[in-house]
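# Summary of the model geometry
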Amino acid sequence: MDPQSTIILGKAIGAGLAMIGAAGGGIGIGLSVGGAVQAMGRNPDHTATIQTNMILGVAFAEAVAIYALVVSLIILFVLS
């Protein structure tokens, strides 16, 4: 196995491992929205407050997934 193919293999494995964070972001968004919908169903008077907190939680969870994507792209295309 030549050194160039070993580097490509390592980059592909590293990028794949970095994308595990995207799965975590998806799970976080699902749990956040599911809990918020249950809370709004149980207590409709506080829907505005619950919805605001849910949107913030979704934004933070999505940011983690975007960071994982950026790290994966850096591994694939920037590192030599």
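Everything in this summary refers to the structure shown in the same document. Sequence order sets the numbering: in each chain, residues are counted from 1 along the sequence as written. Only residues with pLDDT of at least 70 are given local features in this predicted model, and only at 80 or more are side-chain atom pairs given and counted; all residues enter the totals for whole chains, interfaces and linings. Hydrogen atoms and water are omitted, and side-chain values are computed over all heavy atoms in the structure.

### Structural notes on the overall build of the protein chain
Test applied: Runs of H or I in DSSP of at least four residues are treated as helices and runs of E of at least two as strands, each being numbered from the N terminus. Values of the radius of gyration come from C-alpha atoms, whereas the globule rule sets the reference at 2.2 Å times the count of residues to the power 0.38. Remark: exposure states derive from per-residue accessible area (1.4 Å probe, protein chains only) relative to the maximum for the residue type, with buried under 20%, exposed over 50%, and partly exposed in between. Note on definitions: a residue-residue contact is assigned when non-hydrogen atoms from the two residues lie within 4.5 Å. Using the Shrake-Rupley algorithm and a 1.4 Å probe, accessible areas are obtained, with residue cover drawn only from the displayed protein chains.
On a plain count of helices and strands, the protein chain comes out with 3 helices and 0 strands. The order of helices and strands in the protein chain, counted from the N terminus, is α-α-α. Here the protein chain has a C-alpha radius of gyration of 19 Å; the compact-globule value for 80 residues is 12 Å, and the former is much larger. With respect to the principal axes defined by its C-alpha atoms, the protein chain has extents near 65 × 20 × 5 Å. By residue count, 16% of the 80 residues in the protein chain fall in the buried class. Within the protein chain, contacts between residues at least 6 apart in sequence are counted, and of these 77% link residues at least 24 apart. Surface exposure of the protein chain reaches about 5,600 Å², of which carbon and sulfur atoms provide 73%.

### Brief notes about the nonpolar core
Filter applied, for reference: Residues grouped as a nonpolar core are buried Ala, Val, Leu, Ile, Met, Phe, Trp, Tyr and Cys residues, joined through side-chain atoms within 4.5 Å.
In this structure, Ala 36, Met 40, Ile 50, Met 54 and Val 58 together form the largest nonpolar core, which totals 5 residues. At the level of secondary structure, the elements contributing two or more residues to this core comprise α2 (20–42) and α3 (47–77). Looking at this core element by element, the count peaks at 3 residues for α3. With residues up to four places along the chain from it excluded, the contact list for Ala 36 reads Ile 50 and Met 54.

### Topic: the packing of α2 against α3
The line we're drawing: Note on geometry: axes are lines fitted to C-alpha atoms, helical ones only across the stretch in contact, with angles between N-to-C directions running from 0 to 180 degrees. Any angle that is under 35 degrees is reported as roughly parallel, and any over 145 degrees as roughly antiparallel; angles of 65 to 115 degrees are reported as roughly perpendicular and all others as oblique. Under the scheme applied, nonpolar residues are Ala, Val, Leu, Ile, Met, Phe, Trp, Tyr, Cys and Pro; charged residues are Asp, Glu, Lys and Arg; polar residues are all the others, including Gly.
It is the contact of α2 with α3, at a shortest axis distance of 8 Å, that shows an interaxial angle of 175°. As the angle between them shows, α2 and α3 are arranged roughly antiparallel. Of the residues in α3, those in contact with Gly 21, Ala 22, Gly 25, Gly 28, Ile 29, Ser 32, Val 33, Ala 36, Ala 39 and Met 40 of α2 are Thr 47, Ile 50, Met 54, Gly 57, Val 58, Ala 61, Glu 62, Val 64, Ala 65 and Ala 68. In terms of residue class, the contact of α2 with α3 is built from 13 nonpolar, 6 polar and 1 charged.

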